[in-house]
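What follows is the residue order along each chain.
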Amino acid sequence: MAPTSTPKAPFGRVLTAMVTPFTADGALDLDGAQRLAAHLVDAGNDGLVVNGTTGESPTTSDTEKAQLVRAVLEAVGDRAHVVAGVGTNDTRHSVELARQAASSGAHGLLTVTPYYSKPPQEGLYRHFTTIADATDLPVMLYDIPGRSGVPIETETLVRLAEHPRIVANKDAKGDLGAASWAMSRSGLAWYSGDDMLNLPLLAVGATGFVSVVGHLVSAELRALLDAYTGGDVIKAAEIHQRLLPVYTGMFRAQGVVTTKTALALRGLPAGPLRLPLVGLDEIATEQLRRDLAAGGVHL
């Protein structure tokens, strides 16, 4: 049975965009994925995103994606929302992945703006609504123009919100003004997709986070959220400030790279990266240790 959802928080409130563990020889590590998922839910997540870009989705096969969704659902599906990333820059392929995720039992879908192709806003609208039409699952959009090359403009978000299954947006646009207007006009549930802006986005109406640093500080993110929603803004700001070195350190390099390095140093399932991503060198690893330690995370 899927966890309870509400219109305000259709996928939970604290979600981690989970890495995909691999074995030493680069194969999918399903046992490791289940152990990591259980660890993250125990640490305070009420949702997980699998097969997102932090899960190295461009380099996993469709079969591996289905296997991963099923494994994570088996491990934590009764305790957390399991959201499957299905975004590609090919609408037909995204529809296939959406249907596959639905048949695998996913609780929802995350679909990123098509990357590299730079479609016009009408193309974005048709892309997202075609995916939403393909299954009965709720959909979270993912707006990250720094990676995709194209923002989802406010007018497009408002149009997309009219679709009954498009219920949320993961915001990595880095524009609090645009976010404020889009939240106000669309009514979409809003999730921070930029850890440095977790607290500022809450302040303008976001419901929660889809985090990378949640791999290491889920309990702190939960405490920040609970403090803010409970009216203790000063405590929330103190937690935010304590986490600044963690946010900075985890994004000195690509987030998957730093996350897998940190997880390995903690003895948690991670494994190698698939090319074109490569691991941190010794100097960068030591810098990561220092950054995390300054934020209270000791590896």
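Structural notes, computed from the coordinates. (Residues numbered from 1 in each chain as written. Predicted model: local features only at pLDDT ≥ 70, side-chain atom pairs only at ≥ 80, totals over all residues. Heavy atoms only, no water.)

Counting its secondary structure elements, the chain contains 12 helices and 8 strands. Expected size for 299 residues packed as a compact globule is a radius of gyration near 19 Å; at 18 Å, the chain falls within 12% of this value. Put simply, the chain has 299 residues, and 54% of those count as buried. Considering only residue pairs separated by 6 or more positions, the chain has 70% of its internal contacts joining residues 24 or more positions apart. Accessible surface, the chain: about 12,200 Å² in total, of which carbon and sulfur atoms supply 52%. (Helix = DSSP H or I, 4+ residues; strand = E, 2+ residues; numbered from the N terminus. Rg over C-alpha atoms; globule rule 2.2 N^0.38 Å. Buried < 20%, exposed > 50% of the residue type's maximum accessible area, 1.4 Å probe, protein only. Contact = heavy atoms within 4.5 Å. Areas by Shrake-Rupley, 256 points an atom, 1.4 Å probe, with all protein chains shown as cover.)

Between helix H1 (residues 30-42) and helix H9 (residues 214-229), whose axes approach to 9 Å, the crossing angle comes to 20°. What the angle tells us is that H1 and H9 run roughly parallel. Along the contact surface, H1 presents Leu-36, His-39 and Leu-40, while H9 presents Gly-214, His-215 and Ser-218. Its residues assigned to classes, the contact of H1 with H9 shows 2 nonpolar, 4 polar and no charged. (Axes fitted to C-alpha atoms, helices over the stretch in contact; angles between N-to-C directions. Parallel < 35°, antiparallel > 145°, perpendicular 65-115°, else oblique. Nonpolar A, V, L, I, M, F, W, Y, C, P; charged D, E, K, R; others polar.)

This brings us to the pattern of salt bridges. In the structure shown here, the tally under the stated rule is 12 salt bridges. Arg-126 is paired through a salt bridge with Glu-122; the nearest N and O atoms lie 3.0 Å apart. With Arg-126 and Glu-122 both in helix H4 (residues 121-133), this residue pair falls 4 residues apart, about one helical turn. Owing to a relative accessible area of 54%, Arg-126 belongs among the exposed residues under this scheme. Residue classification places Glu-122 among the partly exposed positions, given a relative accessible area of 32%. In this structure, Asp-291 engages Arg-252 in a salt bridge whose closest nitrogen and oxygen atoms are separated by 2.6 Å. Placement of Asp-291 in helix H12 (residues 282-294) and of Arg-252 in the loop between helix H10 (233-250) and helix H11 (255-265) is noted, with a sequence separation of 39 residues between them. (Salt bridge = Lys/Arg side-chain N within 4 Å of Asp/Glu carboxyl O.)

So, on to the environment of Ala-80. Mapped onto the elements, Ala-80 comes out in the loop between helix H2 (62-76) and strand E3 (81-85). On the basis of relative accessible area, Ala-80 is assigned to the buried category, the value being 0%. With 68 residues separating them in the primary sequence, Ala-80 and Gly-12 have C-alpha atoms 7.6 Å apart. With sequence-adjacent residues up to four places away left out, Ala-80 is seen in contact with Pro-3, Val-41, Asn-45, Asp-46, Gly-47 and His-107.

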